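Residues per chain, in single letters:
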Amino acid sequence: MPMLPVLPEIQSHVLAEFDCLDPLLSALRLDSGRLKCTCLTASRKWLALGTSAGGLHLIQREGWKQRLILTHKEGSITQVACCPHDEDFIAVATSQGLVVVWELQLERRGRPERVSVSWEHRGQVITSLCWDTAALRVFAGDAGGKVSYLRAGSSKLGKGSGFVIFPVQTITTVDSRVVQLGYLDGRLLVSSLSRCYLCDTEREKFWRVGNKERDGEYGACFFPLSRGQTAGQPPLLYCARPGSRLWEANFTGEVLSTHQFKQLLAIPPIPLVSYRSEPQYNTAQKSSQSIAFPRLDQKLLTWTDSAIYVFTPQSGQVLLWTEVKDVSEIAVYRNELFCLHGDGRLSHLSLLSVERCVERLLRREAWPLAAAVCVMFQQAIAPARARKSIPIDRLDHLKSQLSVFDDVDLIGQLEEVITKLEPLDSASSSRRSSISSHESFNVLDCGIYRVISRRGSQSDEETSSLVSQSMVEEERLKEFSFVQEEEQHQQGAEHGQIWVLLWPNVISTEEDHGFLVSSFVKKTTEKINTLQMNSDLWPRPPDPKEGTHGNVEVIAVPASFPEDVDNDAQIQDPLVLFDPVCLKGTLQEWVLLLERVLGPEEQRSACDGKSVVGQEGDTDVPPEITAICPEELTEEVQEEEDPLRVCSPKPLLSDLQADLTQLATLHLELGCFEDPAVRNERGEVGVVGFLRRWFFLLDQERVRSMCLLSYREQPEVHSSFMEAMLEVTQTSKMTEVIQKGDLLKSLRCLRELQPWSSPVLLSHLHRLYEKHGEVAVRSFAQFYPTILPSDIDAMANQSHFLAYLDNLVQSRPEEQRLSFLGSLLQPETLRQDWLVLALTHDAPQQSDTLTADGQPRWHSHFFSWGYGRLLSLLIRLPAHLAAKQTMAETCRSHGFWTGYIYLCNELQRRTEALSTICRLDDMCLLEEPHGNACHTGSVNGQMLKKNNSPSSSQTSMTPENLLLRLARSVGPDRALVALHEVGLQSEVELGPHSTLVCELLRMAEKRQRALIQTMLERCDRFLWSQHA
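What you see is a predicted model, and the numbers here were worked out from it, not measured in a lab.

1. Topic: the confidence of the model for the protein
For the protein, the average pLDDT comes to 76, and 71% of its residues sit at 70 or higher. Across residues 928-939 the pLDDT falls below 50, and counting only partners more than four positions away or on other chains, this stretch makes 30 contacts in the model. Predicted confidence is poor over residues 948-954, with pLDDT under 50, and the contacts of this stretch with residues over four places away or in other chains come to seven contacts.

Right, here's the structure in full:
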């Protein structure tokens, strides 16, 4: 191998090809001369390929498997675009000027359907398609200059969503062929052969971008400013100009500057890193380039038929340009490029930094190619920052994998590169020296430098900023809490106060130490200890030798328990362990003490003057302990809603916090709350008030379960719980992602947070539902079983919950759906509730299915029920007799006749079922899958009698047809006997065809009997011969 050249330092990125898509094209037969790929697009999930035969192949990018093929008879596919905010929709344009929007319905496992069609561009070649970034709307531009939009209906939003007043509307007609369309934040960007136009689609306003015209195919695109200091500013737009130039304009079309890349492109092309061949770099190619950019992507990526270019508009530089032969079209998704070549070949490129490229090559064990990249781009991998991705030991391993026979020169060059690499810690050596020069520091176990600034030093500000950049978040929190405790102790010493947690006792001073062993304390604390509380959490009284005096409040200090108390006996005391009444009473007394110590500030201050311990030797609870609020509190204060407290007002030890959580949650689970009248008299709070006041002590997962089970009939409890969880997760990074409004990105981030915490995940889903409504709630099925249907039922309205339930059930394989739906019915009464819900949403009008007297209307069972599959599963679930009777009556009252017929068959009410079938006038309902085949002669004879009337002669349920159906089921002779039994033999006349059918059935029956008889005789002879 010849010596490889070294690229300049400025080349930091490359285009790399890791995958070969030739087998995919061969499987799709797109590598033949007869069938070719004409266009393509890419999204997070799909790679869509349009063909010259009118087919659209949807390739799942995970595994490169074909999932769907959508056919079009209106010509070949010329343009295709995936919806950026809902990958269930895809827009297609054909050579005859047709624009079609498909809904794939993969989440509900349905068949794809055309939800919108536009012939606005009939006879014209559609040159560009573009989706609205927020709504289901597609913009199309053609070779004649016409620009229109097509609104897409959706079955997700109900039947009426597609019936809009103007589903197709022309926006404008520009002066020449439309080259490219772009849309962002309500503005449509149209680039034609001569100009660029900016259109406000809501206000119908138009602007020209710049004043100078051009002649040729030049692209344009928006460039959103969403990072760094430019976040929140209006996006910019870039328009291609002749001579390798780009106009930079603001959101109103005013040109701000012109970027000239002609001279900047006078550099050799960066080699393409590909498995197909070795990278080639020609240092002699340095002539300037005057190029027309026919397309622009939002990353300012453009291409010609021979090269790909990437620019950085902020700095006005060329990130890279690479020669790629015979490029016809490129689809871009994030940093991935799918290139369609003129010969029909497809290539998959990735735009990566050099170190990331080397890392991926090492993972794929492409040793020679990885070594070649390291040598050619050694200026990019030599700095210390690259050691995070490419440690030196991995490069040593790479060298050991090269062949000593074929790669001798490459090994030598790689060794030179390894000697030039900077170690990982070299970048911070100067920083450490600057720190040590005027600060003292110590090195933590994790490698972080903890800097102790000298007070009064001039470099305090520099050091603090330096520390804040290098210190991880956990260490900052730990140091903050440690310093806070030290400051509190110092302040307490200065003011002559000691802050001690007297829990489960009450506020006490040094003089009250003698009361800690009083009978009241014994009675209360003994009961608390039987709840398996840790005795180490008891307070130790202040030592008088230390000279500390003053008041006492909260910070946990270990304390000794009185010696005269037998702890083992208390833990085994059956008085508390097996007596719920005593247990509730103990918890109620404990809550009163908890209010004194950790209650809201106004209550603690109001109770400062009250004494809560009696004299030594007392055996009864003092009356002051029965109320936590003094009588002076006004009714207005008591009726005010309790403030929501999600953080402890005072720091608590972790062990103490855990024990308090157990007790507070147990108090809520047992429902230790008095009647409202008693609570008002004693100044206590109810369930909602307790949850809001002590949420920082409650176990979130157990509270969530209680809201769904114990307090299901009190929605205000669940509302308070959700309000608290939203407050807890307010500062989460996931909340910031959700607030940006990108549903797909939010769901993807939530999936990456696994394993999930149910309450936290529920709060994030609540935010998504508030922002996106039904579209979001339909996607919540992927979070089952962490999030249950009962959670969604409490969150969403009924129609949206029904859509979620239907998606959840349909997400299971078909053979598992029935059992899965049965597992969700907890309690059993949910079956009837869900049945009524499905019968009243997205259902036909009752006047269309029921007559005035409540009978079935003719052919009314053909009406479409939006949740028919869910209804079918609900009525097929095993149930007791009373439940089936109730469901049958519900189906009848709502006109769901197929379900009613099924339930009548289950309840052995065949006469009612067959009578309903007669009124519906559909012979297909008598088939075996519905369970109503004509096997009973007497019942079907009654049907014949009911249908033997002049009014029914024009329907399919004629006596002759019923007789033939009966003859096929039980035989012609038994059918005639059934006619004779009901006295209709003389009234039913068989036509020639029916007579012939009956004769054939008789002959077939006789031959079948003869054949069976012969087989039985042969079997009998064989068995006797074996016996002999």
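Moving on, there is more to tell.
2. Observations concerning the pairing of strand β10 (residues 126-131)
With six of six residues buried, β10 is to be regarded as a mostly interior element. Two strands pair when backbone bridges link them, and β10 and strand β11 (residues 137-142) are joined in this way by five bridges, in the antiparallel orientation. Note on β11: the bridge partner recorded for L129 is A140. Between the antiparallel neighbours β10 and β11 lie five residues.

3. With respect to the packing of helix α26 (residues 798-810) against helix α28 (residues 830-840)
At a minimum axis separation of 10 Å, α26 and α28 run at an interaxial angle of 105 degrees. What the angle tells us is that α26 and α28 run roughly perpendicular. When α26 is examined against α28, the residues Q798, F801, L802 and L805 are found in contact with a partner set consisting of W834, L837 and A838. When the residues that make up the contact of α26 with α28 are grouped by side-chain class, the tally is six nonpolar, one polar and no charged.

4. Re the environment of P391
Looking at where P391 falls in the secondary structure, it is placed in the loop between α4 (378-381) and α5 (392-401). Since its relative accessible area comes to 26%, P391 is described here as partly exposed. C-alpha of P391 to C-alpha of E359: the two residues are 32 residues apart in sequence and 9.8 Å apart in space.

5. Description of unusual backbone geometry
Geometrically, the link from Y784 to P785 is a cis peptide bond, its omega value of 5 degrees lying close to zero. Assignment of secondary structure puts P785 in the loop between α24 (774-777) and α25 (789-795). The phi dihedral of R29 falls on the positive side, at around 60 degrees, and the residue is not glycine. With respect to the helices and strands, R29 occurs in the loop between α1 (22-27) and β2 (37-42). Judged by relative accessible area, R29 falls into the exposed class, the value being 63%. The phi torsion at E204 lies on the positive side, around 55 degrees, for a residue other than glycine. Mapping E204 onto the fold places it in the loop between β16 (196-200) and β17 (205-208).

6. Remarks on the packing of helix α22 (residues 743-752) against helix α23 (residues 758-772)
Closest axis-to-axis distance for the α22/α23 pair is 12 Å, and the angle between their directions is 175 degrees. By the angle between their directions, the pair α22 and α23 is classed as roughly antiparallel. On α23, the residues touching L743, S746, L747 and L750 of α22 are L761, H764, L765, L768 and H772. Classifying every residue of the contact of α22 with α23 by side-chain character gives six nonpolar, three polar and no charged.

7. Focus on the sheet that holds strand β5 (residues 65-71)
Ordered by their spatial adjacency, four strands build an open sheet running β2-β3-β4-β5, and the pairing between neighbours is antiparallel. In this open sheet, the two strands that pair with only one neighbour each are β2 and β5. Each neighbouring strand pair of the sheet contributes to a mean axis angle of 20 degrees, computed without reference to strand direction. As judged from the five bridges shared by strand β3 (residues 46-51) and strand β4 (residues 55-60), these two strands associate in the antiparallel manner. The partner of W46 across the bridge, within β4, is Q60.

8. A look at the nonpolar core
Soluble globular proteins tend to pack their nonpolar side chains together in the buried interior. By size, the foremost hydrophobic cluster in this structure holds 97 residues, and its most contacted members are L668 and F780. Not counting residues within four places of it along the chain, the set of residues in contact with F780 comprises L765, L768, Y769, I792, M795 and Y804. In terms of nonpolar packing, the next biggest core, distinct from the first, is built from 52 residues, A16, I270, A371 and M376 among them.

9. Things to note about α26
For α26, spanning 13 residues, the distance from its first C-alpha to its last is 18 Å, which sits close to the expected 18 Å at 1.5 Å a residue. The buried count for α26 comes to eleven of 13 residues, which makes it a mostly enclosed element. Along α26, the positions that sit buried rather than exposed are H800, F801, L802, A803, Y804, L805, D806, N807, L808, V809 and Q810. In this fold, the buried residues of α26 make contact with α23, α24, α25, α27 (817-824), α28 and α30 (868-876).

10. Overview of the pairing of strand β28 (residues 346-353)
β28 sits mainly inside the fold: eight of its eight residues count as buried. When strand β27 (residues 336-341) meets β28, the two strands line up antiparallel, connected through five bridges. By the bridge assignment for β28, L340 is matched with L346. Turn length for the β27-β28 hairpin, with the two strands adjacent in sequence and antiparallel, is four residues, and the turn residue G344 shows positive phi of about 90 degrees.

11. Quick word on the sheet that holds strand β26 (residues 327-333)
Strand order in this open sheet of five strands is β22-β1-β28-β27-β26, and the pairing throughout is mixed. Each of the sheet's edge strands pairs with one partner strand only, and the pair in question is β22 (273-274) and β26. Sitting on the sheet, helix α2 (residues 354-363) is in contact with β1 (13-20), β22 and β28, with an inclination near 125 degrees to β28.

12. A look at the packing of aromatic side chains
What characterises a pair of aromatic rings is the spacing of the ring centres plus the angle enclosed by the ring planes. Enumeration according to the criterion identifies 17 aromatic pairs in this entry. Ring geometry for W64 and F338: centres 6.1 Å apart, planes at 70 degrees, overall edge-to-face. Linking W64 in the loop between β4 and β5 with F338 in strand β27, this pair joins segments that are 274 residues apart in sequence. The class for F338 is buried, based on a relative accessible area of 0%. A centroid spacing of 6.2 Å and a plane angle of 65 degrees characterise the contact between F139 and Y149, whose relative ring orientation is edge-to-face. One end of the pair, F139, is in strand β11; the other, Y149, is in strand β12 (residues 146-151), with ten residues separating them in the sequence. Since its relative accessible area comes to 0%, F139 is described here as buried. The cationic tip of R241 hangs over the ring face of W247; the distance from NZ or CZ to the ring centre is 4.1 Å. One residue, R812, lies across the ring of F820, its end atom 4.3 Å from the ring centre.

13. Section: the pattern of salt bridges
This structure, assessed with the given rule, holds 26 salt bridges. Here R276 makes a salt bridge to D22, at a shortest N to O gap of 3.7 Å. Linking R276 in the loop between β22 and β23 (301-303) with D22 in helix α1, this pair joins segments that are 254 residues apart in sequence. The partly exposed category is assigned to D22, whose relative accessible area is 26%. For the salt bridge of R61 with E336, the shortest nitrogen-to-oxygen distance reads 2.4 Å. Here the residue R61 occupies a position in the loop between β4 and β5, and E336 occupies one in strand β27, the gap between them amounting to 275 residues.

About the criteria used
Residues numbered from 1 in each chain as written. Predicted model: local features only at pLDDT ≥ 70, side-chain atom pairs only at ≥ 80, totals over all residues. Heavy atoms only, no water. pLDDT = per-residue confidence, 0-100. Contact = heavy atoms within 4.5 Å. Buried < 20%, exposed > 50% of the residue type's maximum accessible area, 1.4 Å probe, protein only. Helix = DSSP H or I, 4+ residues; strand = E, 2+ residues; numbered from the N terminus. Pairing = 2+ DSSP bridges. Axes fitted to C-alpha atoms, helices over the stretch in contact; angles between N-to-C directions. Parallel < 35°, antiparallel > 145°, perpendicular 65-115°, else oblique. Nonpolar A, V, L, I, M, F, W, Y, C, P; charged D, E, K, R; others polar. Core = buried A, V, L, I, M, F, W, Y, C linked by side-chain atoms within 4.5 Å. Expected span 1.5 Å × (residues − 1). Phe/Tyr/Trp six-rings, centres within 6.5 Å; stacked < 30°, edge-to-face > 60°. Lys NZ or Arg CZ within 6 Å of the ring centre and 35° of its normal. Salt bridge = Lys/Arg side-chain N within 4 Å of Asp/Glu carboxyl O.

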